[in-house]
Each structure stands twice: as C-alpha cells, then as structure tokens.
Amino acid sequence: MQQEVKNYNLIARALHWVSAIVVITMFAVGLWMVDLSYYSEWYRTAPHWHKSIGILFAALTLFRLTWKVVTASPKVEGKAIEKLAAKAVHGMMYLVLFTLFISGYLISTEDGRGIDVFSLFTIPALGALFENQADISGEIHFYAAWALIIMASVHALAAIKHHVIDKDNTLRKMIGVSK
C-alpha cells in the first residue's frame, strides 16, 4: 500500500513555480510586444525570445504532465465543490497552455519559416495550413493568454483563501512545509 504524501515533491514544486513565473512573464511581454514599432530595437529580439521561451516552456509543460502522472501527489483539500473546481481549473489551464503553444506555433510558421530556438535548434514549419492562419491563430492566442492569466489569478487567490481563511495546508504543500 502506498503511503500518503504530505507535500508535493521538490521537482513538482520547482516545475509549478517556474511555470508560474514563465506564464506571468510571457503574458506581460506578449502585451508589450504587440505595441513595438518597426523602429524599436526590440522589434525582432522580443518575438525571438518569446517564441524560444514558448517552445522550451511547451517541452517543460509536457515533462510536468508526465511527472504529475508518474509521481504521488498530496490530496486536494477543501469542500467537495472546491476539490472539483480545483481539478477542473487545473485541467483547463493545461488545455489553454496547449492552445497557446499550438496557436503560437501557427502564428510563427505560416510563412514557412521554422522557429529558431535561441540559435540552438529550429522547430520546422508546416507552413500555411488554412487561410488567414496567422490572424486567426493570433486571435486565439490573445484570448487564450487572457483566459490563462485569469485562471492563474483565480488559482492563486484560491490558494491564499485556503491559507488565510481555511487555514489548511493547500499553499504549504506547494511550498513544501505542510503540517
């Protein structure tokens, strides 16, 4: 019989916090990038970094999902509806992340050029798969980014609520210090 775990393991915690930082940073940079002028020194650099980090983050997210499946996690705390909501929001966040990864890829590769990842390797392009691919994918990317940042904010507020009001171990488990 498997022993119940009290905290998320170190790798799960690191993946969670790195993902949180990447999501917030990529959202902020994405908002900033769309207003860059052609004459800005960041006009080419910022999108290159955004795409490169996006590709690496997609790989990290695949690893994170695999890690989640193969390692034990502590039980979700709270009322039945809170547990259901937590599982639903986590699932939706992963779905939206993959929507962002795919739409970002489709935006970037419509012209047939691959995505150069920090000059280390290139993700090949499939080219235009449908009419107005970059524009449609750009709209999807925009709304998916907003959906993700809203869900992540609700997720953070729920963890704070559990810590401050419910005084349970929800937040502590992700820090590694549950009682």
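Provided above is the structure to which this section pertains.
This structure is a prediction, so every number in the text was calculated from the model and none was measured.

## A word on the overall build of the protein chain
Next, step 1: Across its full length, the protein chain holds 5 helices and 2 strands.
Next, step 2: Listing the helices and strands of the protein chain from first to last along the sequence gives α-α-α-β-β-α-α.
Next, step 3: A principal-axis box enclosing the C-alpha atoms of the protein chain has dimensions of 55 × 30 × 30 Å.
Next, step 4: A buried classification covers 30% of the 179 residues belonging to the protein chain.
Next, step 5: Counted over contacts in the protein chain with a minimum sequence separation of 6, partners at least 24 positions apart contribute 69%.
Next, step 6: Accessible surface, the protein chain: about 11600 Å² in total, of which carbon and sulfur atoms supply 69%.

## Overview of the packing of helix H3 (residues 80-109) against helix H4 (residues 133-166)
Next, step 1: Viewed as axis vectors pointing N to C, H3 and H4 meet at an angle of 155°, and their least axial separation amounts to 8 Å. The angle between H3 and H4 places the two elements in the roughly antiparallel class. With respect to the hand of their crossing, H3 and H4 are arranged in left-handed fashion.
Next, step 2: Here the contact of H3 with H4 is built from residues that sort into 15 nonpolar, 11 polar and 3 charged.

## Looking at the side chain of Ser52
Next, step 1: Within the secondary structure layout, Ser52 lies in helix H2 (residues 45-70).
Next, step 2: Residue classification places Ser52 among the buried residues on the basis of a relative accessible area of 0%.
Next, step 3: A polar atom in the side chain of Ser52 sits 2.9 Å from the backbone oxygen of His48.
Next, step 4: In this structure, Ser52 is in contact with Asp116, Val117 and Phe118, ignoring residues within four places of it in sequence.

## A few points about the nonpolar core
Next, step 1: Val23, Phe57, Val96, Leu97, Leu100, Phe101 and Leu148 are the most contacted members of the largest nonpolar core, which has 17 residues in total.
Next, step 2: The greatest single-element share of this core, amounting to 6 residues, is contributed by H3.
Next, step 3: The contacts of Val23, once residues within four sequence positions are left out, are Phe57, Leu97, Leu148 and Ile149.
Next, step 4: By size, the runner-up hydrophobic cluster in this structure holds 5 residues, among which are Ile55, Tyr105, Ile115 and Val117.

## Things to note about the packing of aromatic side chains
Next, step 1: A full pass over the atoms with the stated rule returns 9 aromatic pairs.
Next, step 2: Taken together, the ring pairs in this structure connect Tyr38, Tyr39 and Tyr43 into an aromatic cluster.

## Description of the layout of surface pockets
Next, step 1: Space inside the largest pocket adds up to approximately 1500 Å³.
Next, step 2: Those elements that provide at least two residues to the lining of the largest pocket are helix H1 (10-33), H2, H3, strand S1 (115-117) and H4.
Next, step 3: A total of 10 residues in the lining of the largest pocket trace back to one element, the largest contributor, which is H4.
Next, step 4: Grouping the constituent residues of the lining of the largest pocket by class yields 26 nonpolar, 9 polar and 8 charged.
Next, step 5: Looking at the second largest pocket, its volume works out to about 1300 Å³.
Next, step 6: For the second largest pocket, the lining is made up of 44 residues, of which His16, His90, Met93, His155 and Met174 are closest to its centre.
Next, step 7: Counting residues per element, the ones that place at least two in the lining of the second largest pocket are H1, H2, H3, H4 and helix H5 (170-175).
Next, step 8: The dominant element in the lining of the second largest pocket, judged by the number of residues it contributes, is H4, at 12 residues.
Next, step 9: Its residues assigned to classes, the lining of the second largest pocket shows 26 nonpolar, 10 polar and 8 charged.

## Some words on the environment of Ser178
Next, step 1: Along the polypeptide, Ser178 turns up in the segment after H5.
Next, step 2: Residue Ser178 is classed as buried on the basis of its relative accessible area of 11%.
Next, step 3: Residues Ser178 and Asn132, spaced 46 residues apart in sequence, show a C-alpha to C-alpha distance of 50 Å.
Next, step 4: In this structure Ser178 touches Lys6, Asn7, Asn169, Arg172 and Lys173, once residues within four positions along its chain are discounted.

So, how was this worked out
Residues numbered from 1 in each chain as written. Predicted model: local features only at pLDDT ≥ 70, side-chain atom pairs only at ≥ 80, totals over all residues. Heavy atoms only, no water. Helix = DSSP H or I, 4+ residues; strand = E, 2+ residues; numbered from the N terminus. Buried < 20%, exposed > 50% of the residue type's maximum accessible area, 1.4 Å probe, protein only. Contact = heavy atoms within 4.5 Å. Areas by Shrake-Rupley, 256 points an atom, 1.4 Å probe, with all protein chains shown as cover. Axes fitted to C-alpha atoms, helices over the stretch in contact; angles between N-to-C directions. Parallel < 35°, antiparallel > 145°, perpendicular 65-115°, else oblique. Left-handed = near helix turned anticlockwise from the far one by under 90°. Nonpolar A, V, L, I, M, F, W, Y, C, P; charged D, E, K, R; others polar. Polar contact = N/O pair within 3.5 Å; in protein donor to acceptor, adjacent residues only side chain to side chain. Core = buried A, V, L, I, M, F, W, Y, C linked by side-chain atoms within 4.5 Å. Phe/Tyr/Trp six-rings, centres within 6.5 Å; stacked < 30°, edge-to-face > 60°. 1 Å grid on protein atoms, 1.4 Å probe; cavity = no way out; pocket = protein on both sides within 12 Å on 5 of 7 lines; lining within 4 Å. Points joined across faces, edges and corners; volume = space filled by probe spheres on them.

Honestly, that's just the spatial picture; any functional story needs more than this.
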